[in-house]
Amino acid sequence: MSGRVTLRPLGQLLAAGACQVGPSSATAPHTWTRRSDSSPTANKLGKEAGAGCHIRPLSSRNRYHGGVYERRSAFGGMSVPTGHPYLAWNDALAGRFFHSGASGQQVYLYVTEDVIIEVGDSLGGGAVDEFIAAVRAGPPGVTRAGHCQRALQVARGWRERGFHYPPYVAYLALFVLAGGHEGEFAPHAYYPRLWELLGEDGTGSPPSFERMVELWDDLERWSTRDRGGELGLFEASVVGGWVHVGLPLAQTVLTERERAALPKVFAEAQLEAGIPPSNRELHRALVQYGRSILRPRTVRALERGSDAFKEALLDLVADDFLAWNGEVQVLENREGPKEIHAPLRLCLTVDRIAGTAHATVRCHSKREMPGEGLDLEGFGERFRCIESVPQWSSSLARALTGDEFEPPPSTWSSGMALADTARGWRLRLRPARVRMFVEGTAEGLPGLVEAVGLPLQAAFYLAFRVADWPALCGWAEDDCEGWQELPITAGLPPGWALAAVKEARTDRGPRQLDASAAFADRVSIRLVGGIRSSTAGNSFFPFALPRVAVDGAGRDDTVHCAGRLLQSDPNSPGRYNIPDGLPLETRIVVEVRRDEEPVRRLSLYLASSFSWRFQTPLVGLDRFGMPMTGGPTDGGIAGAVAPPAAQPLRPDVFRTPDLRPGADGVFFVGKHLGAIARWPVDPMPNWEPVWAIPFGRRGRAIYCGSCLSASNPSRKPQGSRRQRALWRRVLWQWRKRITPPSDPYLKVLWRQYREVARDA
């Protein structure tokens, strides 16, 4: 992130109305009328109102005086009336943004003049000048002189004093409100706006303003760790490259309604959840697909506003995009139906020696797939897939036959769309003129997987149409290191070629053919893998840490975690391992630094560990299922713990599911070349069968092995020459008469057996 936020457009384009508070009105004595218990205001202050104002005795330290509760020893041993104007505004504002309806959702302190008036109405009628006067006065008992120093004082040790909400929210709300304050200011001026809003003759930044980042960070910790996201999730993010001023400005660049509509814009623009788009792609999506959703002033600012404003806006939208999991609310009602949008990716298996390539299609989803898999329709067929590794499905297979789907040549250029209407999933393979592939090891997948965007400072493969070579040849010769076109004779669409590239120094060649085939033009940080300790927020168990994925970083940029320099994984460029020994229940910051200055950061937390297994069984069961003392050491079973068997248990292959009677015979096939027996002609073998193939006029391959990982075929011969010939005849010569298994994993294993038999 570079550049500066232009504050004049923020005031003109984002603030709802003008907040003209001059020194005379801001410094006027504030009048606050105490009403009786039966008054509406007192009732609102005396119970948990919808605005989130919680006024109640929390302990014996609280005392009741004339309709107002006092909390003893709040600041410096002095009493603080919880019905005091400052705390009333603080709790009402906090409850306006943090509530159960925002559970698990991103929260921004979108404080404008209209919001202040709305919150003031919930307190019995409070205007902007009353809010400013309450903040200027602060809570009683504070002794510091400056506003920022008072905010730090009220925040010190606030959790131990029984506050329901952080008591510094009103100060942060004031700083946000100042970002939209209009007047005769320079475009980049923030502090003059703040001073005028306060009605004070100050210059420069207020004392200790640079320490307000501590409060923003504490608010993130409270929403994420203390409350577990149940009232919403706040993230201390900055925009425009200014850390201190960017924090309050980040709250009001977009309205709440616009933020809620962003997922629909992302889906209509066909952006892929979890993959950071470039600023060019985001700008295109907002301008082209956001006209009917975003405010006209926001669209005009994107088209004709200053570069600083565009950068600030795109920074914020990009952060929202990284939090998006592909879910789109169909109706404006949050309780209505939802759709899940996820991309399809091409995957390649390349045999350089044979000069062949084999293409498959997988779904890449940031959202967890249904446990039963997806039943998809489209492209004139029906398909199935299940989750294979985190965020990746198995290869698409035809639903009727179980055959692996190999995408037709036309899909490479025009793409394809599939849908599981019953579950609300919509999958799409984007159209493209060039396609990039990288090694799938970083994702836990075999072969090559399609990448979105041109990889930066990393090796990749480029598939392109031969007709587009004139547009690529100059870039390939001048800007690519190690360009090598591969002699692929089968497996690619007609008229397509595949090249291996060690590194691309520019993206000018592919980008002129396909706008998405470009380098990332902004730095982003993602957390990949790991086990989260809660469904909301970046909180992980220390025994299953995620990896840090950095996109768009320059060659000289460095990545730090809790102040420690991280080294990129040599096998997975742009991926970093989180170091061990980090503190628990503490905010941990991951930063990308450029010239020692942070340009992007992300927070995570490590939850306190716990013992997830018992060292000794609580109860053991005997062979009749009756409780027994002593656990499994006396011959019983406790959960998955069982005593060693006196004799190894040999599975009964005739109880294999789907192995039903009615066939003339059953071929049992083992993993070694020649391991085959036909029942009932031959006796049962003394080796473990992997496949049971009942045969009539046709056969079916049924897996009957005991361990999938130990069932790979072996070329080591076993048995007589006649048995080896029969093994090859059944698996290869009769392959068209045998229906393969429908499960994608078993189908791959079955194909391996056929290939070994073919070469035997």
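Predicted model, so just to flag it, every value in this text is computed and none were measured. (Residues numbered from 1 in each chain as written. Predicted model: local features only at pLDDT ≥ 70, side-chain atom pairs only at ≥ 80, totals over all residues. Heavy atoms only, no water.)

### Looking at the nonpolar core
- Phe 98, Phe 131, Phe 175, Met 212 and Leu 219 are the most contacted members of the largest nonpolar core, which has 56 residues in total.
- Secondary structure elements with two or more residues in this core: helix H4 (85-97), helix H5 (113-122), helix H6 (128-137), helix H7 (147-155), helix H8 (169-179), helix H9 (191-198) and helix H10 (212-226).
- With ten residues, H8 is the single largest residue contributor to this core.
- Residues Leu 396, Leu 429, Ala 463 and Trp 496 belong to the second largest nonpolar core, which totals 32 residues. (Core = buried A, V, L, I, M, F, W, Y, C linked by side-chain atoms within 4.5 Å. Buried < 20%, exposed > 50% of the residue type's maximum accessible area, 1.4 Å probe, protein only. Helix = DSSP H or I, 4+ residues; strand = E, 2+ residues; numbered from the N terminus.)

### Notes on the packing of H7 against H10
- The N-to-C vectors of H7 and H10 enclose an angle of 40 degrees; their axes lie 10 Å apart at closest approach. For the crossing formed where H7 meets H10, the hand is left-handed. Judged by residue contacts, Cys 148, Ala 151, Leu 152 and Ala 155 of H7 engage Met 212, Glu 214 and Leu 215 from H10.
- A class-by-class count of the residues in the contact of H7 with H10 yields six nonpolar, no polar and one charged. (Axes fitted to C-alpha atoms, helices over the stretch in contact; angles between N-to-C directions. Left-handed = near helix turned anticlockwise from the far one by under 90°. Contact = heavy atoms within 4.5 Å. Nonpolar A, V, L, I, M, F, W, Y, C, P; charged D, E, K, R; others polar.)

### Examining the sheet that holds strand S26 (residues 558-561)
- A sheet is described by the order of its strands in space; here five strands give the open sequence S24-S31-S30-S26-S27, paired in mixed fashion. Since the sheet does not close on itself, it has two edges, and those belong to strand S24 (539-540) and strand S27 (564-566), each with one partner.
- Where S26 meets strand S30 (residues 588-594), four bridges bridge the pair, whose relative direction is antiparallel. Residue pairing in the sheet places His 560 in a bridge with Glu 591 of S30. (Pairing = 2+ DSSP bridges.)

### Details of the confidence of the model for the protein chain
- The predicted model of the protein chain averages 78 in pLDDT, with 79% of residues at 70 or higher.
- Across residues 1-82 the pLDDT falls below 50, and counting only partners more than four positions away or on other chains, this stretch makes 204 contacts in the model. (pLDDT = per-residue confidence, 0-100.)

### Concerning the environment of Glu 268
- By the element assignment, Glu 268 lies in helix H12 (residues 256-268).
- With relative accessibility at 36%, the residue Glu 268 sits in the partly exposed group.
- The spacing of Glu 268 and Gln 288 is 20 residues in sequence and 9.5 Å in space, taken between C-alpha atoms.

### Comments concerning the packing of H8 against H9
- Packing of H8 against H9 leaves a shortest axis separation of 8 Å and a crossing angle of 115 degrees. The two elements H8 and H9 cross, and the hand of that crossing is right-handed. Side by side, H8 and H9 meet where Leu 174, Phe 175, Leu 177 and Ala 178 of the first sit next to Arg 193, Leu 194, Leu 197 and Leu 198 of the second.
- Of the residues assigned to the contact of H8 with H9, the class counts are seven nonpolar, no polar and one charged.

### Observations concerning the packing of aromatic side chains
- Applying the stated criterion to the full structure yields 25 aromatic pairs.
- Pairing Phe 175 with Phe 209 gives two aromatic rings, centres 5.3 Å apart and planes at 80 degrees, and the pair type is edge-to-face. Residue Phe 175 is located in helix H8, and its partner Phe 209 is located in the loop between H9 and H10; the two are separated by 34 residues in the primary sequence.
- By relative accessible area, which is 3% here, Phe 209 ends up buried.
- One residue, Arg 259, lies across the ring of Tyr 108, its end atom 3.2 Å from the ring centre.
- The residue whose ring lies beneath Arg 758 is Trp 732, and the NZ or CZ to ring-centre distance is 6.0 Å. (Phe/Tyr/Trp six-rings, centres within 6.5 Å; stacked < 30°, edge-to-face > 60°. Lys NZ or Arg CZ within 6 Å of the ring centre and 35° of its normal.)

### Some remarks on a nonpolar patch on the surface
- A cluster of nonpolar side chains, Leu 618, Val 619 and Leu 621, forms an exposed patch at the surface whose accessible area comes to about 300 Å².
- Counting through the fold element by element, Leu 618 comes out in the loop between strand S31 (597-606) and strand S32 (620-621). (Patch = residues over 30% accessible without salt bridge, like charges linked within 9 Å, V, L, I, M, F, W, Y side chains within 5 Å. Areas by Shrake-Rupley, 256 points an atom, 1.4 Å probe, with all protein chains shown as cover. Salt bridge = Lys/Arg side-chain N within 4 Å of Asp/Glu carboxyl O.)

### Description of the pattern of salt bridges
- Under the criterion given, the structure shown has 39 salt bridges.
- We note a salt bridge from Asp 218 to Arg 159, for which the minimum N-O separation is 3.0 Å. Separated by 59 residues along the polypeptide, Asp 218 in helix H10 and Arg 159 in the loop between H7 and H8 bring together distant segments of the chain.
- Judged by its relative accessible area of 17%, Asp 218 falls in the buried class.
- Residue class for Arg 159 comes out partly exposed when judged on its relative accessible area of 29%.
- Residue Arg 601 pairs with Asp 217 through a salt bridge whose shortest N-O separation is 3.6 Å. Note that Arg 601 is positioned in strand S31 and Asp 217 in helix H10, a separation of 384 residues in sequence.
- Relative accessible area serves as the criterion here: at 21%, Arg 601 is assigned to the partly exposed category.
- Classification of Asp 217 by relative accessible area gives buried; the value is 16%.
- When salt bridges with common partners are traced through the structure, they connect Glu 372, Asp 375, Arg 384, Asp 420 and Arg 423 into a single cluster.

### Thoughts on the pairing of strand S34 (residues 665-669)
- Where burial is concerned, most of S34 is hidden: five out of the five residues are buried.
- Side-chain alternation along S34 places Gly 665, Phe 667 and Val 669 on one buried face and Val 666 and Phe 668 on a second face that is also buried.
- Pairing geometry for S34 and strand S37 (residues 691-695), over five bridges, is antiparallel. Bridge assignment links Gly 665 to a residue of S37, and that residue is Phe 695.
- Alignment of S34 against strand S36 (residues 676-679), held across four bridges, turns out to be antiparallel.

### Focus: the pairing of strand S14 (residues 416-420)
- The buried fraction of S14 amounts to four of the five residues, a majority that puts the element mostly inside the structure.
- Sheet analysis places S14 next to strand S15 (residues 425-429), joined by five bridges and oriented antiparallel. Bridge pairing links Met 416 to Leu 429 in S15.
- Hairpin connection of S14 to S15: four residues between the antiparallel strands, including Gly 424 at a positive phi of 75 degrees.

### A look at the side chain of Glu 503
- Residue placement: Glu 503 occurs in strand S22 (residues 503-504).
- Side-chain polar atoms of Glu 503 contact the side chain of Arg 555, separated by 2.7 Å.
- The residues contacting Glu 503, other than those within four sequence positions of it, are Gln 457, Ala 458, Asp 479, Cys 480, Glu 481 and Arg 555. (Polar contact = N/O pair within 3.5 Å; in protein donor to acceptor, adjacent residues only side chain to side chain.)

### Re a negative patch on the surface
- A cluster of acidic side chains, namely Asp 556, Asp 595, Glu 596 and Glu 597, defines a negative patch on the protein surface.
- Summarising the element assignment, Asp 556 is placed in the loop between strand S25 (547-551) and S26. (Lys, Arg positive; Asp, Glu negative; His and termini not counted. Charge placed at Lys NZ, Arg CZ, Asp CG, Glu CD.)

### Quick look at unusual backbone geometry
- With an omega of 10 degrees, the peptide bond running from Trp 679 to Pro 680 counts as cis.
- Mapped onto the elements of the fold, Pro 680 is located in the loop between S36 and S37.
- Of note in this structure, Gln 457 is not a glycine but carries a positive phi near 55 degrees.
- Along the polypeptide, Gln 457 turns up in the loop between strand S17 (448-451) and strand S18 (460-465).
- Unusually for a residue other than glycine, Ala 562 sits at a positive phi of about 55 degrees.
- Mapping Ala 562 onto the fold places it in the loop between S26 and S27.

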